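# Inside the fold
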Amino acid sequence: MLIQSVRRLLRREYGLDVLRPVVESALRRTMRRLGATDADQFAAMVLAGGPAREALLEEVVVPESWFFRDPEAFAVAADAVRRFIEPMRPVRILCLPCAAGEEPYSLAIALHEAGLPPDAWHIEAIDISAGAIARARHGVYSEHAFRGRDFGFRNRYFTRNGEGYVLSDAMRQGVDFRIGNLFTLPVEPGRYDLVFCRNLLIYFDEAGQATAAARLRDMLRMDGLL
């Protein structure tokens, strides 16, 4: 019964439609990581919220991404930002989910490479994973975050140290990260000119997809780009 309660919690609070075996496996991994031994007691802790729930979310979601995943999307985004530029306010961009920052930082690099000044745009990056947000703010990436054939941007915007590849401060300053959930975010109608929301709807059932689409529509300005 507790497994079913956890599944209902994930669907109700986060829109996540997670199969029972996936939840059971995620609970086992989370328990091992935290040193818990009683499954029922741990599931009850997840239901109560706090660190146990946050740890489980880390196992349920798949925060894998890499820089310039589908490069064409970033070229289209840069063209859109150029069209949306107005006097007196920056172009507002939302990346949700943002994983460990690979997508919003890719966009920041693409906008810089397109010659768009940093005061002309601003990126808000949101994810439900506290761990992913912490890694994004840290701005250090392994070889695994760079795929494809063109690594010229890595030479221009990253430096190598003992931890991995460190993103330049100039690129990090254009992105604000925060923990958040699409289903509970306050909606300011028409706030964003451009929204990146990729590889998210696969986690939702049809009702969750409809709710997500409606909330994204409300967040986007009438002529904005999703």
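Here, the structure is the one placed above.
Now for a description of the structure that goes with this document. None of these values were measured; they are calculated from a predicted model. (Residues numbered from 1 in each chain as written. Predicted model: local features only at pLDDT ≥ 70, side-chain atom pairs only at ≥ 80, totals over all residues. Heavy atoms only, no water.)

## Details of the overall build of the protein chain
Helices and strands together make up the secondary structure of the protein chain, namely 10 helices and 8 strands. The C-alpha atoms of the protein chain give a radius of gyration of 19 Å, which matches the 17 Å a tight globule of 226 residues would have. Principal-axis analysis of the C-alpha atoms gives the protein chain an extent of 55 × 45 × 25 Å. Within the protein chain, buried positions represent 46% of all 226 residues. A sequence separation of at least 24 residues applies to 77% of the contacts in the protein chain between residues at least 6 apart. A total of about 11,700 Å² of accessible surface is found on the protein chain, and carbon and sulfur atoms cover 54% of it. Each charge class in the protein chain was averaged separately, 29 positive and 30 negative side chains, and the resulting centres sit 2 Å apart. (Helix = DSSP H or I, 4+ residues; strand = E, 2+ residues; numbered from the N terminus. Rg over C-alpha atoms; globule rule 2.2 N^0.38 Å. Buried < 20%, exposed > 50% of the residue type's maximum accessible area, 1.4 Å probe, protein only. Contact = heavy atoms within 4.5 Å. Areas by Shrake-Rupley, 256 points an atom, 1.4 Å probe, with all protein chains shown as cover. Lys, Arg positive; Asp, Glu negative; His and termini not counted. Charge placed at Lys NZ, Arg CZ, Asp CG, Glu CD.)

## Quick look at helix α1 (residues 2-14)
Taking 1.5 Å as the rise per residue, α1 with 13 residues should run 18 Å; its terminal C-alpha atoms sit 18 Å apart, in good agreement. Along α1, the residues classified as buried are I3, V6, R7, L9, L10 and Y14. Seen along its axis, α1 keeps its buried residues to an arc of 155°; they face one direction. In the stretch just after α1, G15 is the one whose phi turns positive, near 75°. (Expected span 1.5 Å × (residues − 1). Arc of directions from axis to C-beta.)

## Overview of the packing of helix α2 (residues 20-34) against helix α4 (residues 51-60)
Two elements in contact, α2 and α4, have axes separated by 9 Å at closest approach and are oriented at 125°. By the angle class used here, α2 and α4 are oblique. For the pair α2 and α4, the sense of crossing is right-handed. Here α2 contributes A26, L27, R29, T30, R33 and L34 to the contact with α4, which in turn contributes A52, A55, L56, E58, E59 and V60. Residue composition of the contact of α2 with α4, by class: 7 nonpolar, 1 polar and 4 charged. (Axes fitted to C-alpha atoms, helices over the stretch in contact; angles between N-to-C directions. Parallel < 35°, antiparallel > 145°, perpendicular 65-115°, else oblique. Left-handed = near helix turned anticlockwise from the far one by under 90°. Nonpolar A, V, L, I, M, F, W, Y, C, P; charged D, E, K, R; others polar.)

## Digging into the nonpolar core
One finds I93, L107, W121 and F158 to be the most contacted residues of the largest nonpolar core, which totals 38 residues. Every residue in contact with W121, bar those within four places of it in the chain, is listed here: V81, P90, V91, I93, A108, L111, L116 and G174. F183, L200, A212 and M219 belong to the second-largest nonpolar core, a separate cluster that totals 35 residues. (Core = buried A, V, L, I, M, F, W, Y, C linked by side-chain atoms within 4.5 Å.)

## A look at the sheet that holds strand β6 (residues 175-179)
Ordered by their spatial adjacency, 5 strands build an open sheet running β6-β2-β1-β7-β8, and the pairing between neighbours is parallel. Edge positions in the sheet fall to β6 and β8 (220-225), since each of these pairs with one other strand and no more. Each adjacent strand pair in this sheet contributes to an overall mean axis angle of 30°, direction not counted. Relative to β8, strand β7 (residues 192-196) is paired through 2 bridges, and the arrangement is parallel. Residue L194 lies in a different strand from β8, and its bridge partner there is L225. Running at roughly 170° to strand β2 (residues 121-127), helix α6 (residues 102-113) makes contact with β1 (91-95), β2, β6 and β7 of the sheet. (Pairing = 2+ DSSP bridges.)

## Some points on the environment of G50
Within the secondary structure layout, G50 lies in the loop between α3 (39-48) and α4. Put simply, G50 and R89 are 39 residues apart on the chain and 37 Å apart in space, counted from C-alpha to C-alpha.

## Considerations on the packing of aromatic side chains
Applying the stated criterion across every chain yields a total of 15 aromatic pairs. Centre to centre, the rings of F67 and F146 are 5.2 Å apart; their planes meet at 5°, and the pair counts as stacked. Taken together, the residues span a long stretch of sequence, with F67 in the loop between α4 and α5 (71-84) and F146 in the loop between β3 (140-141) and α8 (152-157) at a distance of 79 residues. Judged by its relative accessible area of 5%, F146 falls in the buried class. Aromatic pair F68 and F153: ring centres 4.9 Å apart, planes at 65°, arrangement edge-to-face. Of this pair, F68 sits in the loop between α4 and α5 while F153 sits in helix α8, placing them 85 residues apart in sequence. Grouping aromatic residues by their ring pairs yields a cluster made of F67, F68, F74, Y105, Y141, F146, F153, F158, Y165, F177 and F196. In this structure, R83 is placed above the aromatic ring of F84, and the distance from its NZ or CZ to the ring centre is 5.9 Å. (Phe/Tyr/Trp six-rings, centres within 6.5 Å; stacked < 30°, edge-to-face > 60°. Lys NZ or Arg CZ within 6 Å of the ring centre and 35° of its normal.)

Purely geometric stuff here, so don't read any function into it on its own.
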